[in-house]
Amino acid sequence: MLRVAVVGSGPSGVYTAQALVQQDRVPDVRVDVLDRLPCPYGLVRYGVAPDHEKIKSLQGNLRTVLEDEHVRFLGNVEVGARGLTPARLLEMYHAVVYCVGAARDRHLGVPGEDLVGSRSATEFVSWYSAHPDAAGNGFALGARSAVVIGVGNVAVDVTRILARGADELRPTDVPQDALAALERSGVREVHMVGRRGPGQARFTTKELRELGSLPGASVSVDPADLALDPAFADPSGLPAVNRRNLEVVRGWAAAPETERERRIRLRFFLRPVEFLGEAGRVAGVRFERTEPDGAGGVRGTGVYEDVAAQLVLRAVGYQGVPMPGLPFDESRGTVPHQEGRVLRDGAASPGEYVAGWIKRGPTGVIGTNRPCAKETATSLLADAPTLERREAAADPVAALRDLGQEPVAWPGWLAIERAEADLGRSLGRHTVKIPDWPGLRAAAREAG
Ligand code: NAP
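**Some points on the site of the ligand**
Moving on, step 1. By nearness alone, 22 residues border the ligand, and Val 151, Arg 195, Arg 196, Arg 202 and Gly 364 come closest of all.
Moving on, step 2. The backbone of Val 154 places a nitrogen or oxygen atom 3.1 Å from an oxygen atom of the ligand.
Moving on, step 3. Contact between the ligand and Glu 207: a nitrogen atom at 3.2 Å from a side-chain N or O atom of the residue.
Moving on, step 4. In isolation the ligand offers 920 Å² of accessible surface; the protein chains occlude 85% of this area.
Moving on, step 5. With three residues, the single largest contributor to the shell around the ligand is helix H7 (residues 153–163).

**Regarding unusual backbone geometry**
Moving on, step 1. Here Tyr 41, not a glycine, exhibits a phi torsion of approximately 90°, which is positive.
Moving on, step 2. Take Tyr 41: its relative accessible area is 1%, and that puts it in the buried class.

**A short note on the domain arrangement of the chain**
Moving on, step 1. In terms of domains, the chain is made up of domain 1 (2–103 + 320–408) and domain 2 (106–317).
Moving on, step 2. For domain 1 and domain 2, the distance between their C-alpha centres works out to 33 Å.
Moving on, step 3. Listed as interface residues are twelve residues of domain 1 and, on the opposing side, 17 residues of domain 2.
Moving on, step 4. Summing both partners gives a buried area of about 1200 Å² for domain 1 against domain 2, and 55% of it is carried by carbon and sulfur.
Moving on, step 5. Three residues, Tyr 46, Pro 50 and Asp 51, lead the burial of domain 1 against domain 2; their summed loss comes to 47% of the area buried on that side.
Moving on, step 6. At the junction of domain 1 with domain 2, the criterion picks out three salt bridges.
Moving on, step 7. A salt bridge links Arg 36 to Asp 133; the nearest nitrogen and oxygen atoms lie 2.5 Å apart.
Moving on, step 8. Inspection of the domain 1/domain 2 interface yields five residue pairs in polar contact (both at pLDDT 80 or more).

**As for the packing of aromatic side chains**
The relation between two aromatic rings is expressed through the spacing of the ring centres and the mutual angle of the planes.
Moving on, step 1. Within the structure shown, the criterion is met by seven aromatic pairs.
Moving on, step 2. Look at Trp 127 and Phe 139: their rings are 5.2 Å apart centre to centre, the planes differ by 45°, and that puts the pair in the tilted class. Of the two residues, Trp 127 is situated in helix H6 (residues 121–128) and Phe 139 in the loop between H6 and strand S7 (145–149); the sequence distance between them amounts to twelve residues. A single burial state applies to Trp 127 and to Phe 139, both of which are buried.
Moving on, step 3. With a centroid separation of 5.2 Å and 45° between ring planes, the pair formed by Tyr 318 and Trp 357 is classed as tilted. Here Tyr 318, found in strand S15 (residues 318–319), pairs with Trp 357, found in helix H14 (residues 357–360); they are 39 residues apart in sequence, far enough to count as distant. You'll find Tyr 318 and Trp 357 in the same group, each marked buried.

**Quick look at the pattern of salt bridges**
Moving on, step 1. Counted by the stated rule, this structure contains 36 salt bridges.
Moving on, step 2. Across the pair Glu 67 and Arg 63 runs a salt bridge whose closest N-O atoms are separated by 3.4 Å.
Moving on, step 3. With relative accessibility at 24%, the residue Arg 63 sits in the partly exposed group.
Moving on, step 4. When the shortest N-O distance is used, the salt bridge between Asp 383 and Arg 341 registers 2.9 Å. Separated by 42 residues along the polypeptide, Asp 383 in helix H15 (residues 369–387) and Arg 341 in strand S17 (residues 341–344) bring together distant segments of the chain. Residue Asp 383 shares its accessibility class with Arg 341, and that shared class is buried.
Moving on, step 5. Through salt bridges with shared partners, one network takes in Asp 51, Asp 157, Arg 160, Arg 164, Glu 168 and Glu 210.

**Some details on the packing of helix H17 (residues 410–426) against helix H18 (residues 437–445)**
When two helices pack together, their arrangement is given by the angle between the helix axes and by the axis-to-axis distance.
Moving on, step 1. Relative to each other, H17 and H18 sit at 115°, their axes nearing to 7 Å. What the angle tells us is that H17 and H18 run roughly perpendicular. Crossing hand, H17 versus H18: right-handed. In this structure, H17 uses Gly 412, Ala 415, Ile 416, Ala 419 and Glu 420 to contact H18, whose residues at the interface are Leu 440, Ala 443 and Ala 444.
Moving on, step 2. Tallied by class, residues from the contact of H17 with H18 come to six nonpolar, one polar and one charged.

Parameters at a glance
- Residues numbered from 1 in each chain as written.
- Predicted model: local features only at pLDDT ≥ 70, side-chain atom pairs only at ≥ 80, totals over all residues.
- Heavy atoms only, no water.
- Near = heavy atom within 4 Å.
- Polar contact = N/O pair within 3.5 Å; in protein donor to acceptor, adjacent residues only side chain to side chain.
- Areas by Shrake-Rupley, 256 points an atom, 1.4 Å probe, with all protein chains shown as cover.
- Helix = DSSP H or I, 4+ residues; strand = E, 2+ residues; numbered from the N terminus.
- Buried < 20%, exposed > 50% of the residue type's maximum accessible area, 1.4 Å probe, protein only.
- Domains from an automatic or database assignment.
- Contact = heavy atoms within 4.5 Å.
- Buried area = accessible area lost by both parts, 1.4 Å probe.
- Salt bridge = Lys/Arg side-chain N within 4 Å of Asp/Glu carboxyl O.
- Phe/Tyr/Trp six-rings, centres within 6.5 Å; stacked < 30°, edge-to-face > 60°.
- Axes fitted to C-alpha atoms, helices over the stretch in contact; angles between N-to-C directions.
- Parallel < 35°, antiparallel > 145°, perpendicular 65-115°, else oblique.
- Left-handed = near helix turned anticlockwise from the far one by under 90°.
- Nonpolar A, V, L, I, M, F, W, Y, C, P; charged D, E, K, R; others polar.

Pasting the structure below:
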């Protein structure tokens, strides 16, 4: 039997487990999928927006893998805490695959970024996704104008949630407190701002188009912003997705504006240089107008524009977090690897692997994790004859308990699911997520 621990139960972790057990090269591979949270699915549960039911339904596929007889989910296990170092974990298993994602949000490094009212999009996403670490860290949403910095899919998600009416979110599993705050929200204008042009924006076309289909919000684009993009006149050199994005944006710029309760303003060629404050709170963002530098980037023009906002969310990408005891490349924010094998001082470290964002950086959609996980699993399976010679604990759960970890196994997670369904019923809604640690732990305990 080859015992493997996969650390992280998001898409990359679950796809890795699947690739390890659904193969006929190495018989009898047993995989424990560990997660710091008592709930599985990583960013599919705690990152995919609640109104994206179709993407959320991927949980069904991930669930099938976690219920495979050769796979075991062990939540509430924190690698890097209570003596469970990577070295200790590697004594318990023949191999360990780290699929821990990129948990930190990036900063802009401009003055005023830490004013009250300026937060990361990640915090906002965690809050409306009921991440237990976000409990008590709410958003008052008294603002009338919000600025979202960045034009990737996370920026689109948070812009859309701010621009949607609470009634549209009630049928989702958004936690009750967040729903109540969104119901009271005074936000009427959301400016989503890119430092480069629409031809270089990172959002995907389907996500972009969705902004134009919100019943309570209009979308406006300033034609003067578009005119700065050379691709606007000749998009032939752009990749297909960017060409399609440009078409959508061009359509909005040409359309007469409709009168709606809320307005989304898409802006381009503006880079944030300072957050403006008033009595310690953010009151706006000063942007410098940029222009294309001819090499895909932009340069400043020395012309500035202030946009008033009482809420600013920066959605400028994620970053990997170093795990003590594992090598880390600070410049890339990833663990150095070769085809998924962790490299220590340039040489493959026996039994240690990575997959997902901690391996390749925070890019790509959920499906991108499939080939990435497959590559890592292929390396691990090729190494199996050597790995099997390593020692492994006969009972890893007992070894984890000895360290003071309290694993929540699959029945515990199923009990959390039932408690969330009950909570939804009691509120006259469908399933509603439990947003805090005590609530999740109490629900898991119901499984005995
Ligand atoms: P992203 O796609 O990398 O976009 C980051 C944005 O921030 C870019 O517009 C970038 O501009 C901008 N930015 C970075 N540094 C900046 C700075 N100093 N000043 C101003 N702007 C700055 O990151 P993301 O939106 O966090 O998404 C991460 C990944 O998750 C992506 O692969 C995304 O597709 C995926 N995702 C997918 C979905 C979905 O499929 N529905 C939803 C959410 C996330 P530049 O391009 O100029 O650097």
